[in-house]
Amino acid sequence: MYEPVFRHLLFPAYESLVKRRGTRRYIAEYERGQWLDRDGLEALQLRKLNALLEHCWQHVPFLQSHWQAHGVKRGPLQQVADLASYPTLTKAQITTHYDDMIAAPWKGRTLTKTTGGSTGNPFRFEYTMDVYARRTAVMWRGYGWGGAGLGTRTAYLWGTGLRKGGWGGLKDRLYHGAFNRRFFDAFSLTESNIDQRIDEITAYRPHAAVGYVTPIALVARRMLQTGRTLKGLRGVLTGAEALYEHERRDIEQAFGCPVFNTYGSREVMLMASECERHNLHVNADHLVLETLDADGRPTRETSGEIAVTDLHNFGMPMVRYLNGDRATYAAAPCACGRGLPLLASVDGRVLDLIETPDGRHVPGEFCVYVMLDWPDVKQWQVVQTAPDCVQFRLVVAAPWTDAQRARLVSKFQSVAGAGMRVEVREVDAIPAGRSGKRRLTVSLANAAMAG
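Caption draft 1: The sheet that holds strand 17 (residues 389-396), seen in detail. Pairing is mixed in the open sheet, where four strands are placed in the order 18-17-16-19. In this open sheet, the two edge strands, each paired with only one partner strand, are strand 18 (421-426) and strand 19 (441-442). Both strand 16 (residues 377-386) and strand 17 contribute to a ladder of eight bridges, which runs antiparallel. Bridge pairing in strand 17 places Val383 opposite Gln391. Here helix 13 (residues 402-416) sits on the sheet in contact with strand 17 and strand 18, set at roughly 140° to strand 18.

Caption draft 2: The pattern of salt bridges, seen in detail. Applying the stated criterion across every chain, the model contains 23 salt bridges. Close ionic contact of Asp195 with Arg228 constitutes a salt bridge, the shortest N to O distance being 2.6 Å. With Asp195 in helix 9 (residues 194-204) and Arg228 in the loop between helix 10 (213-225) and strand 6 (235-239), this residue pair connects regions lying 33 residues apart in the sequence. With a relative accessible area of 25%, Asp195 lands in the partly exposed category. When the shortest N-O distance is used, the salt bridge between Glu276 and Arg338 registers 3.1 Å. Residue Glu276 is found in the loop between strand 8 (269-274) and strand 9 (280-282), and its partner Arg338 is found in the loop between strand 12 (321-329) and strand 13 (342-347); the two are separated by 62 residues along the sequence.

Caption draft 3: View of the sheet that holds strand 4 (residues 181-185). An order of 4-3-5-6-7-8-9-13-12-11-10 is seen for the 11 strands of this open sheet, with the pairing classed as mixed. Each edge of the open sheet is held by one strand with a lone partner, namely strand 4 and strand 10 (287-292). Here the strands of the sheet are splayed against their neighbours by 35° on average, with no regard to which way each runs. Judged from the four bridges that link them, strand 3 (residues 154-158) and strand 5 (residues 208-212) form a sheet pairing that is parallel. Looking across to strand 5, one finds that Thr154 is bridged to Ala208. Helix-sheet contacts for helix 7 (residues 129-145) involve strand 3, strand 4, strand 5, strand 6, strand 7 (259-265), strand 8, strand 9 and strand 11 (304-310), and the interaxial angle to strand 8 is about 20°.

Definitions and limits used
- Residues numbered from 1 in each chain as written.
- Predicted model: local features only at pLDDT ≥ 70, side-chain atom pairs only at ≥ 80, totals over all residues.
- Heavy atoms only, no water.
- Pairing = 2+ DSSP bridges.
- Helix = DSSP H or I, 4+ residues; strand = E, 2+ residues; numbered from the N terminus.
- Contact = heavy atoms within 4.5 Å.
- Axes fitted to C-alpha atoms, helices over the stretch in contact; angles between N-to-C directions.
- Salt bridge = Lys/Arg side-chain N within 4 Å of Asp/Glu carboxyl O.
- Buried < 20%, exposed > 50% of the residue type's maximum accessible area, 1.4 Å probe, protein only.

Take a look at the structure:
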């Protein structure tokens, strides 16, 4: 009963009357957009893309000079493929020219977010409240495909970020309670508390679950080992890391429902979601996702470097932004009937689980969370060099102080425990492994891969 009331009454009232955002309107827009055919999507993307590019030519100083330096002429594109005539944009360029990347009409009115860097490159950027509303809307569409739509009773195995007590803690509990969701800390799983965590999730009786791949898979394996399963779930949504088939099978068996993988990043939020046919659809009515070969040319035949253009962030437009990931497009359309294109795979994200001598399981995503505090770090990697020791390898602009090192050690040990030694080593570069992928967190079993 609560789910439809929240979806059709409480949430629209909150977004429209309290927050004064267009989320409800955007949800309806994206519900229609998923069924557009190829020509309809092309026309929609082209209209949005030309509006964004003209805005950039008028109001974003760095992009103007960047494009002119590459010989780009101002004017509307004739097809979305013509975007390939524009140069790509890197994190380093955005960081170096930060103020000139913010559109003049939006100066002082944007929101700021920092990413720990799922590819090992921390990053700060700006966005508008309107694009946040759109990203939220497209997220709920993808979550809905996996059974975790608005108002669904959902267990989140996530890095909570929730305030623990006081007025702030009460507000967090009320807010997430209204959304009918409960967070279970993915960063504090240990051999001694994993059974209790499973009991808590079971007692909550969720209708869906959302979580990082590694902790969800860890919980699933423990459930299977101890003969426990969950019942009544519509789906489990996974993200942040690569999902392997054996992990999908374990999760589906333990949770008693299908698994739906997602792909996203903090810079643009959800970029692709699995439908009921378990094909990964790109949100092409919201963004343009290109895959580029070694020469920087768009390719659909092989794995390529991702260049993403959020069609709605007019505060700090990121046009052909290289987010550091790689992906491979699928050739065939999906039998579900949606016109949104498919990714065959997302390549390049490798996050090992760090196991401590006292039985703690530290997901690689926690290291991404730790690095949120250090946007000045150019690249990073965490390597477990011994059962009781990890090494943070950092590429930094200036040598770190003792206070910075102590703060990093303290934050990591808050989850890994004081018995886990932390070494901070400054390096000139962090090379990719033999596969071409740079492993961000490397367990003791795989330490030889990191050198």
